[in-house]
Amino acid sequence: MGAQLRVYKRRIRSVTATKKITKAMEMIAASRVVKAQRKVAASAPYATELTRAVTAVGTGSNTKHPLTTEAETATRSAVLLLTSDRGLAGAFNSNAIKAAELLTARLVAEGKEVDTYIVGRRGLAHYNFRERKVVESWSGFTDEPTYADAKNVAGPLIEAIEKDTADGGVDELHIVYTEFVSMMTQTAIDGRLLPLRLEEVAEEAPKGEILPLYEFEPSAEDVLDALLPRYVESRIYNALLQSAASKHAATRRAMKSATDNAGDLITSLSRLANAARQAEITQEISEIVGGSAALADATAGSDK
Amino acid sequence: MAAELHVELVAADRSVWSGEATLVVARTTSGDIGVMPGHQPLLGVLESGPVTIRTSDGGTVVAAVHGGFISFADNKLSLLAEIAELSDEIDVQRAERALERAKSDADASAERRADVRLRAVATR
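Just so we're clear, the structure is a prediction, and the values are computed from it rather than from any experiment. Numbering of residues begins from 1 in every chain and follows the order in which that chain's sequence is written. Ligands are numbered from 1 and chains lettered from A, in the order in which they are written. Residue-level local features of this predicted model are given only where pLDDT is at least 70; pairs of side-chain atoms are given and counted only at 80 or more, and the full residue set underlies all totals for whole chains, interfaces and linings.

Considering the overall build of chain B
Under the DSSP-based scheme used, a helix requires at least four consecutive residues in state H or I and a strand at least two consecutive residues in state E, with every element numbered from the N terminus. Counting its secondary structure elements, chain B contains 2 helices and 7 strands. Along the chain direction, N to C, the helices and strands of chain B fall in the order β-β-β-β-β-β-β-α-α. The C-alpha extent of chain B, read off along each of the three principal axes, is 50 × 25 × 25 Å. In chain B, which comprises 124 residues, the share counted as buried stands at 38%. Working definition of a contact: two residues with C-beta atoms, positioned from the backbone, lying within 7 Å. For chain B, the proportion of contacts with a sequence separation of at least 24, taken over those separated by at least 6, is 52%. To assign burial, the other C-beta atoms lying within 10 Å of each residue's own C-beta are counted, with C-beta atoms placed from the backbone; 20 or more indicates buried, 12 or fewer indicates exposed, and intermediate counts indicate partly exposed.

A closer look at the interface of chain B and chain A
Facing 24 residues of chain B, the contacting portion of chain A comprises 24 residues. Secondary-structure elements contributing two or more residues to the side of chain B that touches chain A are β1 (5–11), β2 (14–28), β4 (42–46), β6 (60–73) and β7 (76–86) of chain B. In terms of residue count, β4 of chain B provides more of the side of chain B that touches chain A than any other element does, 4 residues in total. Here the nonpolar group is Ala, Val, Leu, Ile, Met, Phe, Trp, Tyr, Cys and Pro; Asp, Glu, Lys and Arg are the charged ones; every other residue, Gly included, is treated as polar. Of the residues belonging to the side of chain B that touches chain A, the class tally is 11 nonpolar, 8 polar and 5 charged. For two strands to count as paired, DSSP must find a minimum of two bridges between them. Note that strand β6 (residues 215–217) of chain A and β4 of chain B share 3 bridges and pair parallel. When the bridges of β4 of chain B are listed, Glu217 of chain A appears paired with Gly44 of chain B.

Thoughts on the packing of helix α1 (residues 92–105) of chain B against helix α2 (residues 108–122) of chain B
Residue and element names in this part refer to chain B. Between α1 and α2, the shortest axis-to-axis distance is 8 Å and the interhelical angle comes to 150°. The angle between the axes of α1 and α2 places the two elements in the roughly antiparallel class. Between α1 and α2 lies a crossing whose hand is left-handed. Along the contact surface, α1 presents Val92, Ala95, Glu96, Ala98, Leu99, Ala102 and Lys103, while α2 presents Ala110, Glu111, Ala114, Asp115, Arg117, Leu118 and Val121. Along the lines of polarity and charge, the residues of the contact of α1 with α2 split into 9 nonpolar, no polar and 5 charged. For helices, the fitted axis covers only the stretch in contact; all axes are lines through C-alpha atoms, and the angles between them, taken along N-to-C directions, range from 0 to 180 degrees. Note on terminology: angles under 35 degrees are roughly parallel, angles over 145 are roughly antiparallel, angles of 65 to 115 are roughly perpendicular, and the others are oblique. Handedness of a helix crossing follows the sense of rotation of the near helix relative to the far helix, less than a right angle counterclockwise being left-handed and clockwise being right-handed.

Observations concerning the sheet that holds strand β4 (residues 172–180) of chain A
Residue and element names in this part refer to chain A. As summarised here, the arrangement of the 5 strands in space is β3-β2-β1-β4-β5, forming an open sheet in which the pairing is mixed. Here the strands that pair on one side only, and so sit at the sheet edges, are β3 (136–138) and β5 (186–194). Neighbour-to-neighbour, the strand axes of this sheet turn through a mean angle of 20°, independent of strand direction. Bridge analysis of strand β1 (residues 76–82) against strand β2 (residues 113–119) gives 7 bridges, and the strand direction is parallel. For Leu81, the partnering residue across the bridge sits in β2 and is Ile118. Of the strands in this sheet, β1, β2, β4 and β5 touch helix α2 (residues 92–109), which is tilted by about 155° from β4.

Points about the UniProt feature "coiled-coil region" (unreviewed entry) in chain B
UniProt positions are given in the numbering used here, feature names are shortened, and annotations may be inferred rather than shown by experiment. The UniProt entry lists residues 76–112 of chain B under the feature "coiled-coil region" (unreviewed entry), expressed in the numbering used here. For residues 76–112 of chain B, the helix share is 51%, the strand share is 30%, and the end-to-end C-alpha distance is 29 Å.

Side note on unusual backbone geometry
For Glu131 of chain A, which is not a glycine, the phi torsion comes out positive at approximately 55°. The topology assignment puts Glu131 of chain A in the loop between α3 (121–129) and β3. For Asn75 of chain B, which is not a glycine, the phi torsion comes out positive at approximately 60°. With respect to the helices and strands, Asn75 of chain B occurs in the loop between β6 and β7. On the basis of neighbour count, Asn75 of chain B is assigned to the partly exposed category, with 13 C-beta atoms found within 10 Å.

A short note on the UniProt feature "domain: ATP synthase F1 complex delta/epsilon subunit N-terminal" (unreviewed entry) in chain B
Summarizing the sequence annotation, UniProt attributes the feature "domain: ATP synthase F1 complex delta/epsilon subunit N-terminal" (unreviewed entry) to residues 5–83 of chain B in the numbering used throughout. Summarising residues 5–83 of chain B: 0% helix, 77% strand, and an end-to-end C-alpha distance of 23 Å.

Examining the domain arrangement of chain A
If you check the domain split of chain A, you get domain 1 (2–22 + 261–298) and domain 2 (29–256). In this document the domain limits rely on a domain assignment from an automatic tool or a database. For domain 1 of chain A and domain 2 of chain A, the distance between their C-alpha centres works out to 57 Å.

Structural notes on the environment of Phe180 of chain A
Residue and element names in this part refer to chain A. Counting through the fold element by element, Phe180 comes out in strand β4. A tally of 23 C-beta atoms within 10 Å means that Phe180 is categorised as buried. For the pair formed by Phe180 and Ala89, sequence separation is 91 residues and the distance between their alpha carbons is 14 Å.

This is the structure we're talking about:
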């Protein structure tokens, strides 16, 4: 076997091994998307009921709460960025980071200080590499977030917003995450969690339904006090779940194109290998033919 | 047929139980509250404690609920809890172990959770 052919054979073997790996990762990601989607769906009843309850208190009482009232001049905002722990997901993380950067730039242009909170090692690595300040970060659960994780994330954020801005608290809370639109489409979006715009929440609640006048137990203030942190937690939980589902979908897509690409590579490499083999054979034949012709010429000469 | 109300018991990550009931007893921060069909619209904060649901076919469903809300309107009752477990799902030995551990660690909230679980089991 010629040297050229051997090189091609080796490259085909290595690309085949890579293809097997990416194919396996694609399958794993595909099964995880389904699981993650199921979790998003399972968390929906709680979220809808909670939204209803918040709307009910918000519209049914004139309660003022620090989490629903806008500061007249907001001076500091918190931005929570949800990324993943692991890469190999195409542009998933860089899209989320880009959206966070845009939001940060916008907030800074409005004259606000920005405190950054990050979920996921990827986002943290991006910020650390650029030596930007990160107030707090969490990682290790982005593949399968649980409600307890969402609570852990929400805790310091709620604490920060309840504190006075002068003492290092924040006036607003923004969240940047990747929305799971469909298997093929995931978009990085940003939204303001707090202060809550009750009108927006009301819009999300099922339409055409007149909310009854509730009796609050123990009182509207206490209910709102207990309700709002839970609402924030549930929104963060939902964002975490969507982000996880999006990450798996992005991984699946990235790995699918890697597998396809490896397939194409193998096809073109085996064509090249075939051509090299054929060239070798042709060369051998012409050597034999040439050799025998020379021999025939030589014998024909000696016969005379 | 006796009047019925529709109950949805949902935890943060799943729907735990739903069905028709004639009476639901839950513990709010200001005491136990019983809700029967036709109750006035209500929104309350739940304490961690057992929730008892009398189903319309005469059975009883008991669940351990750790924090959350009760809301009732239009004969529909929703119990929202961060964590909710039906009494049949609770592993008694595990809850007992958790209680022991919480007592030795002096972890008041864990002790309360384990205690609620055991009380929910005791009533089944």
